[in-house]
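Structural overview for review
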Amino acid sequence: MPDDIAVVGVDGIQEGRYSSPSLTTVAPDKAAIARTAVSTLLGVIDGSAPAPTEAKAPHRLVVRESTAGARAG
């Protein structure tokens with residue numbers, strides 16, 4: 001039964017809102033990821049910072065129909 005399954009994407013692409021049912025997703029802060037990557041790379045290149053072994057990015061959960069069910073209209 002469709003009501004017994006929940007689906008979540010992990011990329012935050014906008015196309016998920018147009019599927020049926022619309023797709024719940026974990027949306028990473030892509031701008032923060034890019035800033036961290038560039039900053040880290042520049043630090044490694046100029047020798048001011050060692051390469052990190054781990055970096056964490058902000059993210060948010062966008063709940064849509066694929067986990068919350070159809071909303072009453």
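Let us look at the structure shown here. (Residues numbered from 1 in each chain as written. Predicted model: local features only at pLDDT ≥ 70, side-chain atom pairs only at ≥ 80, totals over all residues. Heavy atoms only, no water.)

**Comments concerning the overall build of the protein chain**
The number of helices and strands found in the protein chain is 2 helices and 3 strands. Moving toward the C terminus, one meets the helices and strands of the protein chain in the order β-β-α-β-α. Burial statistics for the protein chain: of 73 residues in total, 16% are counted as buried. In the protein chain, of all internal contacts separated by at least 6 residues, the share reaching a separation of at least 24 is 57%. A total of about 5,700 Å² of accessible surface is found on the protein chain, and carbon and sulfur atoms cover 60% of it. (Helix = DSSP H or I, 4+ residues; strand = E, 2+ residues; numbered from the N terminus. Buried < 20%, exposed > 50% of the residue type's maximum accessible area, 1.4 Å probe, protein only. Contact = heavy atoms within 4.5 Å. Areas by Shrake-Rupley, 256 points an atom, 1.4 Å probe, with all protein chains shown as cover.)

**Observations regarding unusual backbone geometry**
P21 follows S20 through a cis peptide bond whose omega is 0 degrees. Assignment of secondary structure puts P21 in the loop between β1 (8-9) and β2 (24-28).

**Observations concerning the side chain of S66**
Position of S66 relative to the elements: it lies in helix α2 (residues 65-68). When its relative accessible area of 9% is taken as the criterion, S66 is described as buried. There is a polar contact of 2.6 Å between the side chain of S66 and the backbone oxygen of V7. At a separation of 2.8 Å, a polar atom in the side chain of S66 contacts the main-chain amide nitrogen of T24. Each residue touching S66, except ones within four places of it in the same chain, is listed here: I5, A6, V7, P21, S22, L23 and T24. (Polar contact = N/O pair within 3.5 Å; in protein donor to acceptor, adjacent residues only side chain to side chain.)

**Concerning a nonpolar patch on the surface**
On the surface, a nonpolar cluster with roughly 380 Å² of combined accessible area is contributed by V8, V10, L61 and V63. Here V63 lies in the loop between β3 (59-62) and α2. On the accessibility criterion, V63 (45% relative accessible area) is partly exposed. (Patch = residues over 30% accessible without salt bridge, like charges linked within 9 Å, V, L, I, M, F, W, Y side chains within 5 Å. Salt bridge = Lys/Arg side-chain N within 4 Å of Asp/Glu carboxyl O.)

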